[in-house]
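Remarks on the overall topology
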Amino acid sequence: MEGGGGLSEEDGMSERDEAVIRERREREIRAILRDESLSQDGKMSRVKEIMLRDFKAVAAKDREQAEANLALEGQQPMFHAEGVLGCSHYQRKCKIRAHCCGKLFTCRLCHDDAMDHKICRFSTEEVMCMICLEVQPVSRSCRHCGEEFARYFCGVCKLYDNEPGKHIYHCKDCGICRLGKGVGIDNYHCTKCNACVALVSKEKHRCLERSLEVDCPVCNMFLFTSVLPVIFMPCGHTIHSHCYEEYTKRNFTCPICAKSLADMSQLYHRIDETLAEEERPPELVGTETLILCNDCGAKSKAPSHYIYHKCRMCFSYNTRVLERIRISTPTSSGAAYIAAHAIPSVNPAECGSDLRVTRQIENPEFEPGKPLTPPQHSGG
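Points about the overall build of the protein chain
Regarding its fold elements, the protein chain presents seven helices and 18 strands. Expressed as a percentage of contacts within the protein chain between residues at least 6 apart in sequence, the contacts between residues at least 24 apart total 46%. Approximately 21,200 Å² of the protein chain is accessible, and the part contributed by carbon and sulfur atoms is 51%.

Right under this line is the structure:
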């Protein structure tokens, strides 16, 4: 526009085009101002119409140029590794055009990393072949050069993956693609959890309603659509496999429900021996503690201690203090007091369904600093 900086060719209009429009506008305005048949208000109205017309023309050219630039942006091929087309997430020979912003990205994860909004994978309608750069509707192969984009293609999720030996299938119940050979082959779909679970874990799998539709309790990433391996802990809660390994270097209980993640019997036996040998602090003499067991859910009373309180039902030290109670027969000796409150021998199979399920799960003994072996794997 007149009086402002001229638009460059990259911005949508050349200096020559701008000069032509400005000269025409000035000529028309001079003619209006010389027209004695028009009132002052009429002249001003006609001048405004001319200015608005030229503004719309410039804006239209800018839009056309922006669309043309957008079509070229991101067309350069990307590589997963040397000589292998794709990105850091997938091997593939095409890019997707995001329906939300119209830009080209190698995959939806690349889009979400670069943009301030999330892509809807199901809305993708176009892809670009990274061999011939042809933009075309979503398909398995390029309509121009005939190149197959990937070994695996899902027309629902718009997923392409060309990694050799990688097994992927689309689960109709989950609504998305999962890692594995398929439902009924190496995975099955748990309708209560609404998730695909490895068949080898079926006998030990403990269902929780829609257990995968939550954030990882460690990294807070949404688990249902995560591309990272997810496991089911013995209690049924879910967590990323790598988060589980890091978390269990320093913890032995579920970060959500606090149930034990491993067989702690040997550690608990060593605690018994330690407590039997020590003298009780004077301030704890004549007290006992009402506790709630995190493992079996039972309430019971235990000798008061600053750290350890043993459940009388399942013998676990994974307990929380509810109340400290004064008793009438104080005993200072740790061994004597524990003997007076001896826990009867109880068959774990008789302690309730929750405990039986926990005991049936084969877990290694917990060793501080060493991660536990993931008990169950999800299908995706």
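Notes on a nonpolar patch on the surface
Together, Met-221, Val-227 and Leu-228 give the surface a local cluster of nonpolar side chains, amounting to about 230 Å² of exposed area. Topologically, Leu-228 is positioned in the loop between strand S12 (195-198) and strand S13 (230-232).

Observations concerning the packing of aromatic side chains
Under the definition given, this model contains four aromatic pairs. Ring geometry for Tyr-308 against Tyr-317: centres 5.9 Å apart, planes inclined by 80°, an arrangement best described as edge-to-face. What makes Tyr-317 buried here is its relative accessible area of 11%. By the ring-pair criterion, three or more aromatic residues cluster together here, those being Phe-149, Phe-153 and Tyr-160. Its end group placed over the ring of Phe-224, Arg-178 keeps NZ or CZ at 4.8 Å from the ring centre. Sitting over the face of the ring of Tyr-188, Lys-202 holds its NZ or CZ atom 5.0 Å from the ring centroid.

Notes on the nonpolar core
The tendency in soluble globular proteins is for nonpolar side chains to be buried as a group. Counting residues in each nonpolar core, the largest one holds 37 residues, and the members touching the most others are Leu-159, Cys-177, Leu-212, Met-233 and Ile-239. Those elements that provide at least two residues to this core are helix H3 (108-114), strand S7 (152-154), strand S9 (168-171), strand S10 (176-179), strand S11 (187-190), S12, S13 and helix H4 (241-247). Discounting residues that sit within four places of it in the chain, Leu-159 has contacts with Tyr-90, Arg-92, Tyr-152, Phe-153, Cys-154, Ile-168 and Cys-177.

Focus on the layout of surface pockets
For the largest pocket, the calculated volume is near 470 Å³. Arg-108, Leu-109, Asp-112, Lys-118 and Thr-225 are the residues nearest the centre of the largest pocket, which is lined by 16 residues in total. Ranked by residue count, the leading element in the lining of the largest pocket is H3, at four residues. Broken down by class, the residue content of the lining of the largest pocket amounts to eight nonpolar, three polar and five charged. In this structure, the second largest pocket encloses a volume near 400 Å³. In terms of lining residues, the second largest pocket is bounded by 24 residues, among which Tyr-90, Arg-108, Leu-159, Cys-177 and Val-227 are the most central.

Notes on the sheet that holds strand S15 (residues 287-293)
Judged by pairing direction, the sheet is antiparallel, and its three strands sit side by side in the order S16-S15-S17 without closing on themselves. Both outer strands of the open sheet, strand S16 (299-303) and strand S17 (319-326), are each paired with one neighbouring strand and no more. For this sheet, the mean inter-axis angle between neighbouring strands, taken without regard to orientation, is 35°. Here five bridges tie S15 to S16, and the two strands are oriented antiparallel to one another. Pairing of Glu-288 across the sheet is with Pro-303, part of S16.

Some words on helix H1 (residues 15-34)
The end-to-end C-alpha distance of H1 is 29 Å, a good match for the 28 Å that 20 residues give at a rise of 1.5 Å each. Looking at H1, one finds that the buried residues are Glu-18, Ile-21, Arg-25, Ile-29 and Ile-32. Down the axis of H1, the smallest arc covering the buried residues is 70°, so these residues share one side. Among the exposed residues of H1, those oriented more than 90 degrees off its buried face are Arg-16, Val-20, Glu-23 and Arg-34.

Notes on the pairing of S12
Of the two faces of S12, the one carrying Ala-195 and Val-197 and the one carrying Cys-196 and Ala-198 are both buried. Counting the residues between successive antiparallel strands, the hairpin from S11 to S12 contains four residues, one of them, Asn-194, with a positive phi of roughly 55°.

Comments concerning the environment of Tyr-306
Residue position: Tyr-306 is located in the loop between S16 and S17. Tyr-306 sits in the exposed class, given a relative accessible area of 52%. The sequence separation of Tyr-306 and Pro-281 amounts to 25 residues, and the corresponding C-alpha distance is 9.3 Å. Residues contacting Tyr-306, with those up to four places away along its chain left out, are Pro-281, Glu-283 and Leu-284.

Some remarks on the pattern of salt bridges
Overall, the coordinates contain 11 salt bridges when judged by the stated rule. Between Lys-166 and Asp-161 there is a salt bridge, and its shortest N-O distance comes to 2.9 Å. Judged by relative accessible area, which is 28%, Lys-166 ranks as partly exposed. Among the residues examined, Asp-161 registers a relative accessible area of 2% and is labelled buried.

Looking at helix H5 (residues 265-277)
Taking 1.5 Å per residue, 13 residues should reach 18 Å; H5 reaches 19 Å between its end C-alpha atoms and fits that length. Of all the residues in H5, the buried ones are Tyr-268, Ile-271 and Leu-275. In an axial view of H5, the angular spread of the buried residues amounts to 55°, which keeps them on one side of the axis.

Observations concerning the pairing of S15
Burial analysis of S15 places five of its seven residues in the buried class, which makes it a mostly covered element. In this antiparallel pair of consecutive strands, S15 and S16, the connection spans five residues, and Gly-297 shows a positive phi of 80°.

Calculation notes
Residues numbered from 1 in each chain as written. Predicted model: local features only at pLDDT ≥ 70, side-chain atom pairs only at ≥ 80, totals over all residues. Heavy atoms only, no water. Helix = DSSP H or I, 4+ residues; strand = E, 2+ residues; numbered from the N terminus. Contact = heavy atoms within 4.5 Å. Areas by Shrake-Rupley, 256 points an atom, 1.4 Å probe, with all protein chains shown as cover. Patch = residues over 30% accessible without salt bridge, like charges linked within 9 Å, V, L, I, M, F, W, Y side chains within 5 Å. Salt bridge = Lys/Arg side-chain N within 4 Å of Asp/Glu carboxyl O. Phe/Tyr/Trp six-rings, centres within 6.5 Å; stacked < 30°, edge-to-face > 60°. Buried < 20%, exposed > 50% of the residue type's maximum accessible area, 1.4 Å probe, protein only. Lys NZ or Arg CZ within 6 Å of the ring centre and 35° of its normal. Core = buried A, V, L, I, M, F, W, Y, C linked by side-chain atoms within 4.5 Å. 1 Å grid on protein atoms, 1.4 Å probe; cavity = no way out; pocket = protein on both sides within 12 Å on 5 of 7 lines; lining within 4 Å. Points joined across faces, edges and corners; volume = space filled by probe spheres on them. Nonpolar A, V, L, I, M, F, W, Y, C, P; charged D, E, K, R; others polar. Pairing = 2+ DSSP bridges. Axes fitted to C-alpha atoms, helices over the stretch in contact; angles between N-to-C directions. Expected span 1.5 Å × (residues − 1). Arc of directions from axis to C-beta.

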